[in-house]
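A closer look at the structure
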Amino acid sequence: MKTTRLGGSAVPVTELALGTAALGNLFHPVTDETAHATVDAAWDAGIRTFDTAPHYGLGLSERRLGAALRDRPRDTYTLSTKVGRLLVPNPEDDAGDDLANGFAVPATHRRVWDFSADGVLRSLEASLTRLGVDHVDVALLHDPDDHAEQALREAYPALERLRAEGVIGAIGVGMNQSALPARFVRETDIDVVLLAGRYTLLEQDGLDELLPEAAARGRSVLIGGVFNSGLLTAPKPGATYDYAPAPQPVLDRALRLLAVCERHGVPLRAAAARFPFGHPAVASVLTGARSPDEVRDMVEQLRHPIPDALWHELCAEDLLAPDTPVPAAEEAMPSQEPS
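First, a word on what this report is: a plain description of the structure on this page.

1. Considerations on the packing of helix 5 (residues 179–187) against helix 6 (residues 210–217)
As a packed pair, helix 5 and helix 6 sit with axes 9 Å apart at the nearest point and diverge in direction by 20°. When the interaxial angle is binned, helix 5 and helix 6 end up roughly parallel. For the pair helix 5 and helix 6, the sense of crossing is left-handed. Side by side, helix 5 and helix 6 meet where Pro181, Ala182, Val185 and Arg186 of the first sit next to Leu210, Glu213, Ala214 and Arg217 of the second.

Shown next as structure tokens:
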């Protein structure tokens, strides 16, 4: 699988990365065995980049990912986690579950926002323990939407020091919006932005500022949420967009995208998976999976050939702006044995 390096760092990422929120029981439980098998399937497909966070299942995702990777040589894969939420034991004896935050796990802990320098160090130390490793390759500031100034003044300098000391290979920010990450690209020396849901076949907010800034400054962008929470896998009434039922105008647009793809014999999810690679700043697409079959399907979608005529029709139908960068037909991922 094709690899590239993040920004000016030496950290490699594969063209497809595995996001592991689902392994933290996002919305529905996943067994330990299925979680392990999902990571194994990603490895067998050639994926060598894995992303997690304390937020995902109150640490469950990190524990499961670490267990699944434990027998793999540490220098053969790239591991990314996040800072900004500390996990603090819940004092209540019976606090119920964590479904209010999206995860089907017991609420044994609660999340406390902390973008201080000390909070960064404490978060990383706890993550290393849960993962069972001595270092992570990438550390991302996680959703600092309401904590921008502290993240810029305190958390970012802490990460920068850790990178300078060689403790971390690459640093960045992960968010569901594009404006604040663009500010980080302009005002700091981050290597990478993880942008979720804002540069997809359905919407291209990231093109307004973030992606051009990143390309001009040699920074990398990882694209998450290429299916917009599931809407672009099977658009129909009740399908989710940004983790809620899709508004009718958004659903209508997704159905128009589906119609164009069907005319060209291309699955909508194949076009959605491949679309971000048209932009030169995009280093990898990060997708979640809760089963080996979902991993294998995602890899197959990336390998599906997509004719130039499909992108041209999307522009003609005003579903993409005429100047939107799109992948060349020959960029479809070749079928090959994993390395």
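2. What to know about the pattern of salt bridges
Throughout the structure, instances matching the rule amount to 21 salt bridges. In this structure, the salt-bridge partner of Asp293 is Arg296, at a minimum N-O distance of 2.9 Å. Pair noted here: Asp293 and Arg296 are both in helix 9 (residues 292–303), with a separation of 3 residues, about one helical turn. Here the residues in one salt-bridge network are Arg163, Asp189, Asp191 and Arg219, joined through shared partners.

3. Describing the pairing of strand 5 (residues 78–83)
Burial within strand 5 is extensive, with 6 of its 6 residues counted as buried. With burial as the criterion, each face of strand 5 is covered, one bearing Thr78, Ser80 and Lys82 and the other bearing Leu79, Thr81 and Val83. Of the strand pairs in this sheet, strand 4 (residues 49–51) and strand 5 are connected by 3 bridges, and their pairing is parallel. Each bridged residue has a counterpart across the sheet, and for Thr49 the counterpart in strand 5 is Thr78. Regarding the hand of the β-α-β motif, the stretch spanning strand 4, helix 2 (residues 60–69) and strand 5 is right-handed. With 4 bridges joining them, strand 5 and strand 10 (residues 138–142) adopt parallel strand pairing. The residue of strand 10 that forms the bridge with Lys82 is Leu140.

Cut-offs applied
- Residues numbered from 1 in each chain as written.
- Predicted model: local features only at pLDDT ≥ 70, side-chain atom pairs only at ≥ 80, totals over all residues.
- Heavy atoms only, no water.
- Axes fitted to C-alpha atoms, helices over the stretch in contact; angles between N-to-C directions.
- Helix = DSSP H or I, 4+ residues; strand = E, 2+ residues; numbered from the N terminus.
- Parallel < 35°, antiparallel > 145°, perpendicular 65-115°, else oblique.
- Left-handed = near helix turned anticlockwise from the far one by under 90°.
- Contact = heavy atoms within 4.5 Å.
- Salt bridge = Lys/Arg side-chain N within 4 Å of Asp/Glu carboxyl O.
- Buried < 20%, exposed > 50% of the residue type's maximum accessible area, 1.4 Å probe, protein only.
- Pairing = 2+ DSSP bridges.
- Right-handed = clockwise from strand over helix to strand, strands pointing away.

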